[in-house]
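Descriptive structure summary
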Amino acid sequence: MFVVTGATGNVGGYVVKELAEAGAEVLALTRDPKTARLPEGVRAARTEELPLDGATALFLNPAVAWQVGTEKLLERAKESGVRRIVMLSSSSVLEDVDPQTNPIGARHRALEDEVERTGLEWTFVRPGAFAANALQWVDQIKAGDVVYGPYAGAQMAAIHEADMGAVAARAMLADDLVGQAPELTGPESLSFADQVRVIGEVIGRPLRYEEIPPEAARERMVGEFLTPELADSLLRVFAECVDRPQAISPEVERITGRPGRTFAQWVEDRAADFR
């Protein structure tokens with residue numbers, strides 16, 4: 001049996017889908033099992049109950065671990081006989097760097113360390129920028145034709161959640177990724193301005209990105225969804241990425257056997273959100 005935490009989230013939903021299509025027995029953990037929309041045959045349970053008895057492998061979403069308590073969750077996994085943990089981590093984790101210089105990387109590296117200390121098999125899936133980060137522009141796009149944000153030229157090879165899910169499911173189903181930490185990217189590097197242009201092309205509207213000062217962007221970011229520390233860290237990353245195309249990782253295609261989905265494909269999948 002395979003247990004998926006965050007099973008109705010952006011990535012967990014695709015992990016569930018991939019496992020179910022492979023014919024695996026899947027238990028989806030979510031805050032509200034009654035409202036979860038899951039593939040046929042997939043069972044659901046409340047995350048807080050941590051029903052891991054009989055599980056072979058666990059997909060670990062860090063947000064869930066931090067919510068219920070990392071120590072509690074990992075101890076429960078060991079007691080229940082879980083053999084393998086596949087964790088959604090971050091490419092912000094820097095190998096051979098201690099301490100981590102990025103707060104996002106530091107937090108994920110700390111959780112990776114805790115998973116390793118369990119003695120269980122592990123795989124750390126390390127994606128970079130999520131294509132789903134573009135959903136932060138939904139309200140602006142619905143309100144007009146201009147998206148305001150920092151560093152229009154910052155380049156990201158944003159990855160579709162479906163590709164993260166496919167890699168994670170493969171790590172749960174097969175043994176060849178045990179002990180590995182594949183870094184994942186999308187198949188193309190696009191600036192923020194390019195991403196907004198692509199969204200416009202897909203939904204049939206001329207959209208453009210207008211750069212605002214970092215200070216103004218920071219004020220918005222802290223006011224809406226981030227701590228000051230994380231906002232500052234992200235802005236530093238964006239500044240470093242201006243006019244610097246991100247290197248494309250071959251790992252999605254190597255692991256899944258097919259090219260990664262483009263940003264335009266992601267927008268097509270989520271077009272209704274922007275209209």
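As a reminder, the structure under discussion sits directly above these lines.
Please read these numbers as outputs of a predicted model, since none were measured by experiment.

Parameters at a glance
Residues numbered from 1 in each chain as written. Predicted model: local features only at pLDDT ≥ 70, side-chain atom pairs only at ≥ 80, totals over all residues. Heavy atoms only, no water. Helix = DSSP H or I, 4+ residues; strand = E, 2+ residues; numbered from the N terminus. Rg over C-alpha atoms; globule rule 2.2 N^0.38 Å. Buried < 20%, exposed > 50% of the residue type's maximum accessible area, 1.4 Å probe, protein only. Areas by Shrake-Rupley, 256 points an atom, 1.4 Å probe, with all protein chains shown as cover. Lys, Arg positive; Asp, Glu negative; His and termini not counted. Charge placed at Lys NZ, Arg CZ, Asp CG, Glu CD. Contact = heavy atoms within 4.5 Å. Polar contact = N/O pair within 3.5 Å; in protein donor to acceptor, adjacent residues only side chain to side chain. Phe/Tyr/Trp six-rings, centres within 6.5 Å; stacked < 30°, edge-to-face > 60°. Lys NZ or Arg CZ within 6 Å of the ring centre and 35° of its normal.

Structural notes on the overall build of the protein
- Counting its regular elements, the protein contains twelve helices and eleven strands.
- For 275 residues, the compact-globule estimate of 2.2 N^0.38 gives 19 Å, and the protein sits close to it at 19 Å.
- Dimensions of the protein, computed from C-alpha atoms along their principal axes, come out at roughly 50 × 45 × 35 Å.
- Residue burial in the protein is summarised as follows: out of 275 residues, 49% are buried.
- Only carbon and sulfur atoms are counted for the fraction: they give 47% of the accessible area of the protein, which is about 13,000 Å².
- Here the protein contributes 29 positively and 43 negatively charged side chains, and the mean placements of these two sets differ by 4 Å.

Structural notes on the side chain of T123
- Structurally, T123 can be placed in strand β6 (residues 121–127).
- Sequence-distant contacts of T123, that is, excluding residues within four places in its chain, are made with I85, V86, M87, A171, L177, V178, G179, Q180 and P182.

Remarks on the environment of D176
- Note on placement: D176 falls in the loop between α6 (161–173) and β9 (183–184).
- Exposure remark for D176: the relative accessible area of 40% places this residue in the partly exposed category.
- For the pair D176 and R117, spaced 59 residues apart in sequence, the C-alpha separation works out to 21 Å.
- Engagement of the side chain of D176 in a polar contact is seen with the side chain of R170, the distance being 2.6 Å.

Details of the packing of aromatic side chains
- Across all of its chains, the model carries seven aromatic pairs by this definition.
- Ring plane angle 80 degrees and centroid distance 6.0 Å describe the contact between W137 and F192, whose orientation is recorded as edge-to-face. Here F192 lies in helix α7 (residues 192–203) and W137 lies in the loop between β6 and α5 (138–143), a separation of 55 residues in the sequence. Of the two residues, W137 and F192, both sit in the buried class.
- Measuring from ring centre to ring centre gives 6.0 Å for W137 and Y209, while their planes differ by 75 degrees; the resulting arrangement is edge-to-face. Remark: Y209 occurs in strand β11 (residues 208–211) and W137 occurs in the loop between β6 and α5; sequence separation between them is 72 residues.
- Its guanidinium or amino end placed over the ring of W66, R107 lies 3.9 Å from that ring's centre, counting from NZ or CZ.

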